[in-house]
Amino acid sequence: MEVKQADAGSLCNCEVLSLLNECKESIGIGSKAGNQFATILYEASQYLQNNLDGQTEQDVKNLLTALLHFPVSLTHDEKLMIVNTPPRTPLELSVIVHNYDERLTEQQVEKLLTIVASNCP
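Note that the coordinates shown come from a computational prediction; the quantities given were computed from them, not determined experimentally. (Residues numbered from 1 in each chain as written. Predicted model: local features only at pLDDT ≥ 70, side-chain atom pairs only at ≥ 80, totals over all residues. Heavy atoms only, no water.)

*Asks:* It is not clear to me how the overall build of the protein chain should be interpreted in this structure. Could you clarify?
*Replies:* The number of helices and strands found in the protein chain is seven helices and zero strands. Beginning at the N terminus, the succession of helices and strands in the protein chain can be written as α-α-α-α-α-α-α. For the protein chain, with 121 residues in total, the buried portion stands at 32%. In the protein chain, the share of contacts with a sequence separation of at least 24, taken over all contacts with a separation of at least 6, comes to 59%. Put simply, the protein chain shows about 8,200 Å² of open surface, and 54% of that area lies on carbon and sulfur atoms. (Helix = DSSP H or I, 4+ residues; strand = E, 2+ residues; numbered from the N terminus. Buried < 20%, exposed > 50% of the residue type's maximum accessible area, 1.4 Å probe, protein only. Contact = heavy atoms within 4.5 Å. Areas by Shrake-Rupley, 256 points an atom, 1.4 Å probe, with all protein chains shown as cover.)

*Asks:* I would appreciate a short explanation of the packing of helix H3 (residues 57-68) against helix H4 (residues 76-84) in the present structure.
*Replies:* Between two packed helices, what matters for the description is the angle formed by their axes and the separation of those axes. Relative orientation of the contacting elements H3 and H4 amounts to 140°, with a least axis distance of 11 Å. The angle between the axes of H3 and H4 places the two elements in the oblique class. In this structure, H3 crosses over H4, and the sense of that crossing is right-handed. Contacts between H3 and H4 involve Val 60, Leu 63, Leu 64, Leu 67 and Leu 68 from the first element and Lys 79, Ile 82 and Val 83 from the second. (Axes fitted to C-alpha atoms, helices over the stretch in contact; angles between N-to-C directions. Parallel < 35°, antiparallel > 145°, perpendicular 65-115°, else oblique. Left-handed = near helix turned anticlockwise from the far one by under 90°.)

*Asks:* Can you walk me through the packing of H3 against helix H7 (residues 106-119) in this structure?
*Replies:* Two elements in contact, H3 and H7, have axes whose closest approach is 9 Å; the angle formed by their N-to-C orientations is 160°. Relative to H7, the element H3 lies roughly antiparallel. Helix-helix and strand crossings are classified by hand; for H3 and H7 the assignment is right-handed. In this structure, H3 contributes Asp 59, Asn 62, Leu 63, Ala 66 and Leu 67 to the contact, and H7 contributes Leu 112, Ile 115, Val 116 and Asn 119. In terms of residue class, the contact of H3 with H7 is made up of six nonpolar, two polar and one charged. (Nonpolar A, V, L, I, M, F, W, Y, C, P; charged D, E, K, R; others polar.)

*Asks:* Help me out: how do you make sense of the nonpolar core in this one?
*Replies:* Burial of nonpolar side chains together is a common tendency in soluble globular proteins. With 28 residues, the main nonpolar core has Leu 63, Leu 67, Ile 82, Leu 93, Val 97, Leu 104 and Leu 112 as its most contacted residues. Composition of this core by domain shows at least three residues from each of domain 1 (13-51) and domain 2 (57-119). If sequence neighbours within four positions are ignored, Leu 63 has contacts with Ile 82, Val 83, Ile 115, Val 116, Asn 119 and Cys 120. (Core = buried A, V, L, I, M, F, W, Y, C linked by side-chain atoms within 4.5 Å. Domains from an automatic or database assignment.)

*Asks:* Sorry if this is basic, but what is going on with the side chain of Asn 84 here?
*Replies:* Within the element layout of this structure, Asn 84 appears in helix H4. A distance of 2.8 Å separates the side chain of Asn 84 from the backbone nitrogen of Asn 13, its partner in a polar contact. (Polar contact = N/O pair within 3.5 Å; in protein donor to acceptor, adjacent residues only side chain to side chain.)

*Asks:* What exactly am I supposed to notice about the pattern of salt bridges here?
*Replies:* For side chains of opposite charge, pairing can occur when their charged atoms come near one another. The tally for this structure, following the rule as stated, stands at one salt bridge. A salt bridge links Arg 103 to Glu 78; the nearest nitrogen and oxygen atoms lie 2.7 Å apart. Here Arg 103, found in helix H6 (residues 100-103), pairs with Glu 78, found in helix H4; they are 25 residues apart in sequence, far enough to count as distant. With relative accessibility at 24%, the residue Arg 103 sits in the partly exposed group. (Salt bridge = Lys/Arg side-chain N within 4 Å of Asp/Glu carboxyl O.)

*Asks:* It is not clear to me how H3 should be interpreted in this structure. Could you clarify?
*Replies:* With 12 residues, H3 should cover 16 Å at 1.5 Å per step; its first-to-last C-alpha distance of 17 Å lies within 8% of that length. When we look at burial in H3, the residues that qualify are Asp 59, Val 60, Leu 63, Ala 66 and Leu 67. What you see down the axis of H3 is that its buried residues fit within an arc of 130°, all on one side. Of the exposed residues in H3, those oriented more than 90 degrees away from the buried face are Lys 61 and Leu 68. (Expected span 1.5 Å × (residues − 1). Arc of directions from axis to C-beta.)

Pasting the structure below:
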C-alpha cells in the first residue's frame, strides 16, 4: 500500500466509525489475514463507539454549522479537534485553538463553549 496524498483530507471519529462499519459488512473472512483484519476492524470500531459518547452524524453537522457562524474563523484542524474532543472548559479550548489568548475574548470563549455544549451530547 502506498500513500499518494497524505493531506488529502481529515475525517472525524464519527465518519471513521461509519467507514469501519461499512468495511465490516463487506469483509471476506476465511484466510488468516482476513481474520486479523476483522479483529482490527472490531477493536477499532469498539474503541470509537466507546469514545463517541452518543455523538451522531447529525450532531456533527449541527456543530459544524454553528461553528461556521461563529465570529472568529477557526481552521479546519481546530474544528476537527472540537468535534472529536469537545472542550468543556476554557483550558481544554486553549489547547485546541492556536493563539487562543490573541484570537478570542472571554465572551467569545464562553459563547464557543456554549455552542459546543448545546450541540454535543
